[in-house]
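Descriptive structure summary
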Amino acid sequence: MQITLTVNGAAREVDIDPRTTLLDVMRHHLDLTGSKKGCDHGQCGACTMLVNGRRINGCLSLAVMHDGDEITTIEGLGDPGNLSPLQAAFVRNDGYQCGYCTPGQIMSAKGMYDEFNKGWPSHVSDDLTAEPNFTTAEIKERMSGNLCRCSAYPGICKAIEESAEEEGLTKRKAAE
Amino acid sequence: MKSFEYVRASGIADAQDTAGRIIAGGTNLIDLMKHQIETPPRLVDVTRLDMTEIEQSAHSLRIGALVTNSDLAAHDTVRRDYPVLSRALLAGASGQLRNKATTGGNLLQRTRCPYFYDTTQPCNKRVPGSGCPAKEGINRILAVLGTSPHCIATHPSDMAVAMRALDARVEIESPNRGTEMLTLDEMYVLPGDDPSKETVLEAGDLITAVHLPQPPKGKQTYRKVRDRSSYAFALVSVAGIVDVEDGKITEAALAFGGLAPRPWRDGTVEDVLVGEAPSDALFDKAADVLLQDAQGFGENDFKIPLARRTLKAVLAELTGVTQ
Ligand SMILES: Cc1cc2nc3c(=O)[nH]c(=O)nc-3n(C[C@H](O)[C@H](O)[C@H](O)COP(=O)(O)OP(=O)(O)OC[C@H]3O[C@@H](n4cnc5c(N)ncnc54)[C@H](O)[C@@H]3O)c2cc1C
Ligand code: FES
Ligand code: FES
């Protein structure tokens, strides 16, 4: 089937078997191997990408269902030598060891900042009706869909906390 | 994954395809297709249908079948008036999965029984008549209520447990039966002789929405006990709605996850509570009634005392009784 995806700002046409996941389109058809395949079953988050601005698991998405959608992968954030603030913060804070989960962690954090800005609550928010506070507990809960086999979690959290405003977080504390 | 024909529905009639299989978020179906547990010859993509709205009227909240789990959890009215539902949704899966998972798909997600997932093993749900090794095998996450000699699988949804407590009705457009509104107990069937049949839905039936009645009186909560504190299915969960007036419980709605083949609700448990002053002894009586027919299978025996404790903790929280 012929479909068109807007990938990191550019229209890309691909001719694919309907079984192909978004993750496999990126890796096998578009040569964008930044998004990783950890489990291929929605259990690890290594394949996280943004679809129309929202974070999802590329491994559990059929590409044919996303004809016309806008996809952002890790390649869309920055390049070597021109890292995005979050990418740079991961380097600065040792937010990885092997690095396999890192693209997924970074894309997931991008999506999460936006969810904060929209005032979405989480499982650890005490008051569902209030705007959430950008605390470490909130970050950990909201990032739980991204596993790190090397357990670089302290660095990951620090990187996410440090670069929040530069990446667009509008406020850390809910209005009084 | 087996090959399939892909069709994009552009109207309800396209979706009512008796030879096709509906796909919405895909977070359960694609997983099962990769394992070849599900091998639909035709997939009908319903995601472009107009079922993405949450509409409020004087008497109900109508949640379109395509509303994502994250949008539903974050909806202002749901957060304010149906917090048990927000809490249940937020306790499920991960941020990424909730962004794709839909209301209709969540209701119809399938069990996480390890024998259902392992295609080298017998499983009456997957291959009717092949047997159920779970009863004597790996059954730590499986059911203690509502089982049959043929299947002890649990229904994995958190959302559905809250909806059961809230007396939700599922709106279904059936090519044969027309529009139907079913409670969750009417929609889900117990395993009985044929665990492969999980609901009364037939091929071609489309879930179009879920309706919640007016917000119930009293306090609401959802408590989920699991192996890790996030991104894990429930071992036991309780959705509770309790109203206390003048020192007496006037209304109670309690539904349970992780215990049974469907979100479990037992009116006799609520009958024990209503009209009485809340106390630790009363909560024990309610737990006795809930668990009188509970049967463990070895590894999952722990769920029986765990259900008691979780129910009591929820009742204590909702009534202000200190345990
Ligand atoms: C790693 C992981 C962890 C998870 N953890 C949890 C958890 O803790 N708690 C929890 O509750 N869930 C959990 N889930 C499950 C998740 O909630 C479900 O996969 C999701 O809700 C399914 O929705 P969907 O729209 O993606 O369904 P799909 O996969 O698209 O469909 C599921 C089923 O519903 C049918 N269907 C879908 N829409 C309709 C409709 N409108 N009418 C008729 N039939 C329809 C499909 O034919 C299919 O049989 C987890 C999933 C994963 C992968
Ligand atoms: S590869 Fe998609 S979640 Fe693991
Ligand atoms: S850095 Fe190795 S998996 Fe996270």
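- You'll find chain B entered in an unreviewed UniProt entry as Xanthine dehydrogenase YagS FAD-binding subunit, with Palleronia salina given as the organism.

- Labelled according to an unreviewed UniProt entry, chain A appears under the name Xanthine dehydrogenase YagT iron-sulfur-binding subunit, originating from Palleronia salina.

1. Topic: the overall build of chain B
- Secondary structure assignment for chain B yields 13 helices and 11 strands.
- Based on the C-alpha atoms only, the size of chain B along its principal axes is roughly 60 × 50 × 35 Å.
- Expressed as a percentage of the 323 residues in chain B, the buried residues total 60%.
- Summarising the internal contacts of chain B: among those between residues at least 6 apart in sequence, 65% fall at separations of at least 24.
- Between the mean site of the 36 positive side-chain charges and the mean site of the 42 negative ones, chain B shows a separation of 5 Å.

2. Focus on the overall build of chain A
- The secondary structure content of chain A amounts to five helices and five strands.
- Put simply, chain A runs from its N terminus to its C terminus through helices and strands in the order β-β-α-β-β-β-α-α-α-α.
- Its C-alpha radius of gyration of 16 Å places chain A within 12% of the 16 Å reference for a compact globule of 176 residues.
- Across its three principal axes, chain A shows a C-alpha extent of roughly 50 × 35 × 30 Å.
- Here the analysis covers contacts within chain A between residues at least 6 apart in sequence; of these, 59% occur between residues at least 24 apart.

3. Section: the UniProt feature "domain: FAD-binding PCMH-type" (unreviewed entry) in chain B
- UniProt feature "domain: FAD-binding PCMH-type" (unreviewed entry): in the numbering of this structure it lies at residues 1–217 of chain B.
- Measuring from the first to the last C-alpha atom of residues 1–217 of chain B gives 48 Å, for a span that is 26% helix and 18% strand.

4. Here's the deal with the site of ligand 1
- Lining the immediate environment of ligand 1, one finds 36 residues, of which Arg21, Ile22, Gly26, Thr27 and Thr102 of chain B sit closest.
- In this structure ligand 1 sits where residues from chains A and B come together.
- Asn106 of chain B places a polar main-chain atom, nitrogen or oxygen, 3.4 Å from an oxygen atom of ligand 1.
- Separating a nitrogen atom of ligand 1 from a backbone N or O atom of Ile207 of chain B is a distance of 2.9 Å.
- Burial of ligand 1 by the protein amounts to 97% of the accessible area it has alone, namely 970 Å².
- Its residues placed into classes, the shell around ligand 1 shows 16 nonpolar, 15 polar and five charged.

5. Remarks on helix 5 (residues 153–162) of chain A
- Where helix 5 of chain A is concerned, the buried positions are Gly155, Ile156, Cys157, Ala159 and Ile160 of chain A.
- Residues of helix 5 of chain A that are buried make contact with helix 2 (85–92), helix 3 (102–117) and helix 4 (136–142) of chain A.

6. Quick notes on the domain arrangement of chain A
Residues and elements named next belong to chain A.
- Partitioning chain A into domains gives domain 1 (2–76) and domain 2 (85–163).
- For domain 1 versus domain 2, the separation of C-alpha centres amounts to 21 Å.
- At the junction of the two partners, domain 1 supplies 17 residues and domain 2 supplies 19 residues.
- Summing both partners gives a buried area of about 1400 Å² for domain 1 against domain 2, and 55% of it is carried by carbon and sulfur.
- Remark: the boundary between domain 1 and domain 2 carries eight residue pairs in polar contact (both at pLDDT 80 or more).
- Breaking the side of domain 1 that touches domain 2 down by element, the ones donating at least two residues are strand 3 (48–51) and strand 4 (54–57).
- Of the residues belonging to the side of domain 1 that touches domain 2, the class tally is five nonpolar, eight polar and four charged.

7. Notes on the nonpolar core
All names here are of chain B.
- Counting residues in hydrophobic clusters, the biggest one holds 49 residues, and the most contacted among them are Val46, Leu72, Leu85, Leu107, Met163 and Leu212.
- Considering every element that reaches this core, the biggest residue donor is helix 9 (residues 159–165), with six residues.
- Inspection of this core shows a minimum of three residues originating in each of domain 1 (1–47) and domain 2 (219–319).
- Beyond its immediate chain neighbours, meaning those up to four positions away, Leu72 contacts Ile54, Ile63, Val67, Val78, Leu85, Ser86, Leu89, Thr103 and Met163.
- Judged by nonpolar contacts, the second largest core, of 32 residues, contains Val144, Phe256, Leu273 and Ala294.

8. So, the packing of aromatic side chains
- A full pass over the atoms with the stated rule returns three aromatic pairs over all chains.
- Geometrically, the ring pair formed by Phe116 of chain A and Phe134 of chain A is edge-to-face, given 4.9 Å between the ring centres and 70 degrees between the ring planes. Of this pair, Phe116 of chain A sits in helix 3 while Phe134 of chain A sits in the loop between helix 3 and helix 4; the two residues are 18 residues apart in sequence, bridging distant segments of the chain.
- Note on Phe116 of chain B and Tyr117 of chain B: the rings are 6.1 Å apart at their centroids and 80 degrees apart in plane angle, and the pair reads as edge-to-face. A single burial state applies to Phe116 of chain B and to Tyr117 of chain B, both of which are buried.
- The ring of Phe116 of chain A has Arg142 of chain A lying over it, and the distance from NZ or CZ to the ring centre is 4.1 Å.

9. Re the environment of Leu29 of chain B
- Mapped onto the fold, Leu29 of chain B is located in helix 2 (residues 29–34).
- Contact partners of Leu29 of chain B, with chain neighbours within four places excluded, come to Arg21, Ile22, Ile23, Glu38 and Leu43 of chain B.

10. With respect to the packing of helix 3 of chain A against helix 5 of chain A
Residue and element names in this part refer to chain A.
- Across the interface, helix 3 lies against helix 5 with an axial gap of 11 Å and an inter-helix angle of 40 degrees. Accordingly, the angle class assigned to the pair helix 3 and helix 5 is oblique. Between helix 3 and helix 5 lies a crossing whose hand is right-handed. Seen from helix 3, the contacting residues are Gln105, Ala109, Met112 and Tyr113; seen from helix 5, they are Ile156, Ala159 and Ile160.
- When the residues that make up the contact of helix 3 with helix 5 are grouped by side-chain class, the tally is six nonpolar, one polar and no charged.

11. What about the sheet that holds strand 1 (residues 5–8) of chain B?
Residues and elements named next belong to chain B.
- An order of 1-3-2 is seen for the three strands of this open sheet, with the pairing classed as parallel. Only two strands of the sheet have a single partner each, and these edge strands are strand 1 and strand 2 (21–23). For this sheet the average axis-to-axis angle between neighbouring strands, irrespective of direction, equals 30 degrees.
- As defined by bridge partners, strand 1 adjoins strand 3 (residues 42–45) across four bridges and the pair is classed as parallel.

12. A few points about the environment of Gln109 of chain B
All names here are of chain B.
- Tracing the sequence through the fold places Gln109 in the loop between helix 7 (103–107) and helix 8 (114–117).
- Residues within four places of Gln109 in sequence aside, it is in contact with Asn28, His155, Pro156, Ser157 and Phe233.
- Here Asn106 takes part through its side chain, which lies 3.0 Å from a polar atom of the side chain of Gln109.

Cut-offs and rules
- Residues numbered from 1 in each chain as written.
- Chains lettered and ligands numbered in written order.
- Predicted model: local features only at pLDDT ≥ 70, side-chain atom pairs only at ≥ 80, totals over all residues.
- Heavy atoms only, no water.
- Helix = DSSP H or I, 4+ residues; strand = E, 2+ residues; numbered from the N terminus.
- Buried < 20%, exposed > 50% of the residue type's maximum accessible area, 1.4 Å probe, protein only.
- Contact = heavy atoms within 4.5 Å.
- Lys, Arg positive; Asp, Glu negative; His and termini not counted.
- Charge placed at Lys NZ, Arg CZ, Asp CG, Glu CD.
- Rg over C-alpha atoms; globule rule 2.2 N^0.38 Å.
- UniProt positions renumbered as here; feature names shortened; annotations may be inferred.
- Near = heavy atom within 4 Å.
- Polar contact = N/O pair within 3.5 Å; in protein donor to acceptor, adjacent residues only side chain to side chain.
- Areas by Shrake-Rupley, 256 points an atom, 1.4 Å probe, with all protein chains shown as cover.
- Nonpolar A, V, L, I, M, F, W, Y, C, P; charged D, E, K, R; others polar.
- Domains from an automatic or database assignment.
- Buried area = accessible area lost by both parts, 1.4 Å probe.
- Core = buried A, V, L, I, M, F, W, Y, C linked by side-chain atoms within 4.5 Å.
- Phe/Tyr/Trp six-rings, centres within 6.5 Å; stacked < 30°, edge-to-face > 60°.
- Lys NZ or Arg CZ within 6 Å of the ring centre and 35° of its normal.
- Axes fitted to C-alpha atoms, helices over the stretch in contact; angles between N-to-C directions.
- Parallel < 35°, antiparallel > 145°, perpendicular 65-115°, else oblique.
- Left-handed = near helix turned anticlockwise from the far one by under 90°.
- Pairing = 2+ DSSP bridges.

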